[in-house]
Amino acid sequence: MINNTNKKRFVVLAVLMMAVCGLSSIAECSESSGSEIDTKSKPLAKQERMKWWHEARFGMFIHWGLYAIPAGEWKGKKIPGIGEWIMDRAHIPIPDYEQLAGQFNPVKFDAEQWVQIAKNAGMKYIVITSKHHDGFCMWDSKVTNYDIIDATPFKRDVLKELSRACRENGLRLCFYHSIMDWHHPDAQGPYYPNYDAQNSNPNFTRYVENYLKPQIKELIKNYGPLGVMWFDGEWVKDWTEPMGRDMYNYVLGLQPDIIINNRVGKGRKGLEGFSDSKEPVGDFGTPEQRIPAKGLPGVDWESCMTMNDTWGYKSYDDKWKSTEDLLRKLADIASKGGNFLLNVGPTAEGLIPEPSVERLAEIGQWLKVNGESIYGTTASPLDEVPWGRCTAKPGKIYLHVFDWPTDAKLEVPGLENTITKAYLLADKEKTILTVTRKGEDNLVVTVPPEAPDKINTVIVLEIKEK
Ligand code: FHN
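Residues numbered from 1 in each chain as written. Predicted model: local features only at pLDDT ≥ 70, side-chain atom pairs only at ≥ 80, totals over all residues. Heavy atoms only, no water.

1. A few points about the packing of aromatic side chains
Reasoning step 1: By the definition in use, this model includes 17 aromatic pairs.
Reasoning step 2: A centroid spacing of 5.8 Å and a plane angle of 20° characterise the contact between Y176 and W230, whose relative ring orientation is stacked. Here Y176 is found in strand 5 (residues 172-178), whereas its partner W230 is found in strand 6 (residues 228-232), with 54 residues between them in sequence.
Reasoning step 3: Note on W230: relative accessible area 1%, which makes it buried.
Reasoning step 4: Grouping aromatic residues by their ring pairs yields a cluster made of F61, Y176, W230 and W311.
Reasoning step 5: If you follow K78 out to its NZ or CZ, it ends over the ring of Y316, 4.7 Å from the centre. (Phe/Tyr/Trp six-rings, centres within 6.5 Å; stacked < 30°, edge-to-face > 60°. Helix = DSSP H or I, 4+ residues; strand = E, 2+ residues; numbered from the N terminus. Buried < 20%, exposed > 50% of the residue type's maximum accessible area, 1.4 Å probe, protein only. Lys NZ or Arg CZ within 6 Å of the ring centre and 35° of its normal.)

2. Some words on the sheet that holds strand 12 (residues 396-401)
Reasoning step 1: Taken together, the five strands give an open sheet; going across it, the order is 10-11-12-17-14, and neighbouring strands pair in antiparallel fashion. Two strands in the sheet have a free side with no partner beyond their single neighbour: strand 10 (378-379) and strand 14 (418-424).
Reasoning step 2: The pairing of strand 11 (residues 388-393) with strand 12 spans six bridges and is classified as antiparallel. Across the sheet, residue K393 finds its bridge partner in strand 12, namely K396.
Reasoning step 3: Strands in contact with helix 9 (residues 323-335) are strand 10, strand 11 and strand 12; relative to strand 11, the strand with the most contacts, it is inclined by about 50°. (Pairing = 2+ DSSP bridges. Contact = heavy atoms within 4.5 Å. Axes fitted to C-alpha atoms, helices over the stretch in contact; angles between N-to-C directions.)

3. So, the site of the ligand
Reasoning step 1: Surrounding the ligand, one finds 17 residues, the nearest of these being H63, E84, H133, D232 and E288.
Reasoning step 2: Note that an oxygen atom of the ligand is positioned 2.7 Å from one of the side-chain N or O atoms of H133.
Reasoning step 3: Between an oxygen atom of the ligand and a side-chain N or O atom of Y176, the distance comes to 3.4 Å.
Reasoning step 4: Starting from 330 Å² of accessible surface for the ligand in isolation, the protein chains cover 95%.
Reasoning step 5: For the shell around the ligand, the residue count by class is nine nonpolar, three polar and five charged. (Near = heavy atom within 4 Å. Polar contact = N/O pair within 3.5 Å; in protein donor to acceptor, adjacent residues only side chain to side chain. Areas by Shrake-Rupley, 256 points an atom, 1.4 Å probe, with all protein chains shown as cover. Nonpolar A, V, L, I, M, F, W, Y, C, P; charged D, E, K, R; others polar.)

4. A short note on the domain arrangement of the chain
Reasoning step 1: Each assigned domain of the chain is listed here: domain 1 (26-373) and domain 2 (388-463).
Reasoning step 2: If you average the C-alpha positions of domain 1 and of domain 2, the two centres end up 38 Å apart.
Reasoning step 3: If you look at the interface, domain 1 gives twelve residues, while domain 2 gives 15 residues.
Reasoning step 4: Between domain 1 and domain 2, a total of about 1300 Å² is buried, with carbon and sulfur atoms accounting for 57% of that surface. (Domains from an automatic or database assignment. Buried area = accessible area lost by both parts, 1.4 Å probe.)

5. Side note on the sheet that holds strand 4 (residues 125-131)
Reasoning step 1: In space, the seven strands of this open sheet follow the order 7-6-5-4-1-9-8, with parallel pairing throughout. Looking at which strands have only one partner, the edges of the open sheet turn out to be strand 7 (259-260) and strand 8 (302-305).
Reasoning step 2: Strands in contact with helix 10 (residues 354-370) are strand 1 (58-62) and strand 9 (339-344); relative to strand 9, the strand with the most contacts, it is inclined by about 150°.

6. Section: the pairing of strand 6
Reasoning step 1: Of all the five residues making up strand 6, five are buried; the element is thus mostly covered by neighbouring parts of the structure.
Reasoning step 2: Here strand 6 shows a buried face lined by V228, W230 and D232 and a second buried face lined by M229 and F231.
Reasoning step 3: One ladder, built from four bridges, connects strand 5 with strand 6; its direction is parallel. When the bridges of strand 6 are listed, Y176 appears paired with W230.
Reasoning step 4: In the sheet, strand 6 pairs with strand 7 via two bridges, with the strands oriented parallel. Its bridge partner lying in strand 7, V228 is registered against I259.
Reasoning step 5: Handedness of the β-α-β unit built from strand 6, helix 8 (residues 241-254) and strand 7 comes out right-handed. (Right-handed = clockwise from strand over helix to strand, strands pointing away.)

7. Brief notes about the pattern of salt bridges
Reasoning step 1: Across all of its chains, the model carries 27 salt bridges by this definition.
Reasoning step 2: Note that K46 is salt-bridged to D300, the shortest N-O span being 3.4 Å. One end of the pair, K46, is in helix 2 (residues 46-56); the other, D300, is in the loop between strand 7 and strand 8, with 254 residues separating them in the sequence.
Reasoning step 3: Residue R328 is joined to E324 by a salt bridge in which the shortest nitrogen-to-oxygen separation is 3.5 Å. On the criterion of helical spacing, the pair formed by R328 and E324 is a turn pair, its members being four residues apart in helix 9.
Reasoning step 4: For R328, a relative accessible area of 19% corresponds to the buried category.
Reasoning step 5: Judged by its relative accessible area of 37%, E324 is partly exposed.
Reasoning step 6: One network of salt bridges, in which partners are shared, links D232, E234, R263, R268 and E288. (Salt bridge = Lys/Arg side-chain N within 4 Å of Asp/Glu carboxyl O.)

8. Concerning the pairing of strand 9
Reasoning step 1: Of all six residues in strand 9, six are buried, a share of seventy percent or more.
Reasoning step 2: The side-chain alternation of strand 9 yields two buried faces, one formed by N339, L341 and N343 and the other by F340, L342 and V344.
Reasoning step 3: As paired strands, strand 8 and strand 9 are joined by four bridges and run parallel to one another. Considered in strand 9, the bridge of C304 is made with L341.
Reasoning step 4: Read from strand 8 through helix 9 to strand 9, the crossover connection turns out right-handed.

9. Points about the side chain of D232
Reasoning step 1: Assignment of secondary structure puts D232 in strand 6.
Reasoning step 2: At 3.1 Å, the side chain of D232 and the side chain of R263 are in polar contact.
Reasoning step 3: The contact partners of D232, leaving out residues within four places of it in the chain, are H133, Y176, H177, S178, I179, M180, R263 and R268.

10. Quick notes on helix 8
Reasoning step 1: For helix 8, spanning 14 residues, the distance from its first C-alpha to its last is 20 Å, which sits close to the expected 20 Å at 1.5 Å a residue.
Reasoning step 2: Listed as buried for helix 8 are G244, M247, Y248, Y250, V251, L252, G253 and L254.
Reasoning step 3: Packing partners of the buried residues in helix 8 comprise helix 2, helix 7 (204-223), strand 6 and strand 7. (Expected span 1.5 Å × (residues − 1).)

11. Side note on the nonpolar core
Reasoning step 1: One finds M60, I126 and I216 to be the most contacted residues of the largest nonpolar core, which totals 100 residues.
Reasoning step 2: Examining the composition of this core, we find that nine residues originate from one element, helix 7, more than from any other.
Reasoning step 3: For this core, the domains that each give at least three residues are domain 1 (26-373) and domain 2 (388-463).
Reasoning step 4: If we skip the residues at most four places from it in the chain, M60 touches I117, A118, M123, Y125, I126, V127, L341, L342, V344, I352 and L360. (Core = buried A, V, L, I, M, F, W, Y, C linked by side-chain atoms within 4.5 Å.)

Take a look at the structure:
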């Protein structure tokens, strides 16, 4: 508690800081420049840092913030587009949008419940929005009052609670953090109220050094160690590749084993997600709402996708992808050597929508039986197969069969290795399946007449490495 004398000193200091920092209507200020790097340990080599991420293959994306309150509607009108962009799409003036903070009271939020949903879905990491483009901070930040502790009636640090729940359940906590900020006076200005990324803010460097970096430091030092710093909103004109390289080094200086996505730089080429520069900044590519046609040998990437059509909650978006579609996307992504970051958009009450919960439970059931064919696998060594996808581990190839052969003969083209054993992954007895050769490099596996799993039955081929 602050006693009266200290309170007077505190108020004087706060007023002085507010005078210095050039504030918006809700106080935003920096405690100190974030440019110092406060750790002596050298960053780990990238492949060392990526080991857990290659093993994980499947994570939960969470878009949660003030935008869950309007939930896609503003002043009685349905606002088109993704829910977390409502401040821009509905041209909501900053003071009006700020009022939402006073209404944010997610009394049904339960970090343990969210982490259990992710864990039971077979997800190994969680990437949650610490701050989206609207600038609202979902943790107790010391450099602004525009945060969940100071500006809402809820006054609980949801990121702190999630950090604890992830640690207790063995999941890695990661943060999505937007470089673009529609609220901070040194970052938004011309961007607001009508978004135009091609405008520039003369004080953007001050925002980066005195606000963005100190907040990244808060998140890593007070909520870490983190799995990934997942940057976004990098496309704004004021953010440059050199700033991205500096931020990459800054973050690694704060946590030497952290992973950083390629949206810290400028090269992702929109939703395609892959940097084409010779020395891309960031550890992995980030294709969005899509899966690359082919894996890129030696390139790490993660497809992020919504379960319906919005990242942030919209009350009327019921275009849910089926569990079949999501499970086959998981196999498709893994067959090309990628990770799958699947999104949920919790409500203003703090609940993950039931259609998401149902699909995640069904995905988890499949992974409980077949997870070996996804976790820690590498891209298929085979060319495309007509009936599904393939993943691999040393000495094993996993055949993900979506379309079951009507004649119980599954043809596997382009495989010259000697097969020592073939069986259904779900079969604990590992009942042998007959494998015969057809020509030089085609195999035929005799399978049961009916597909044991209509969505994706996995057959294991144990092989002699060539
Ligand atoms: O503009 C954001 C969008 O709101 C959402 O967060 C996605 C998720 O990756 N990223 C940006 C669009 O590329």
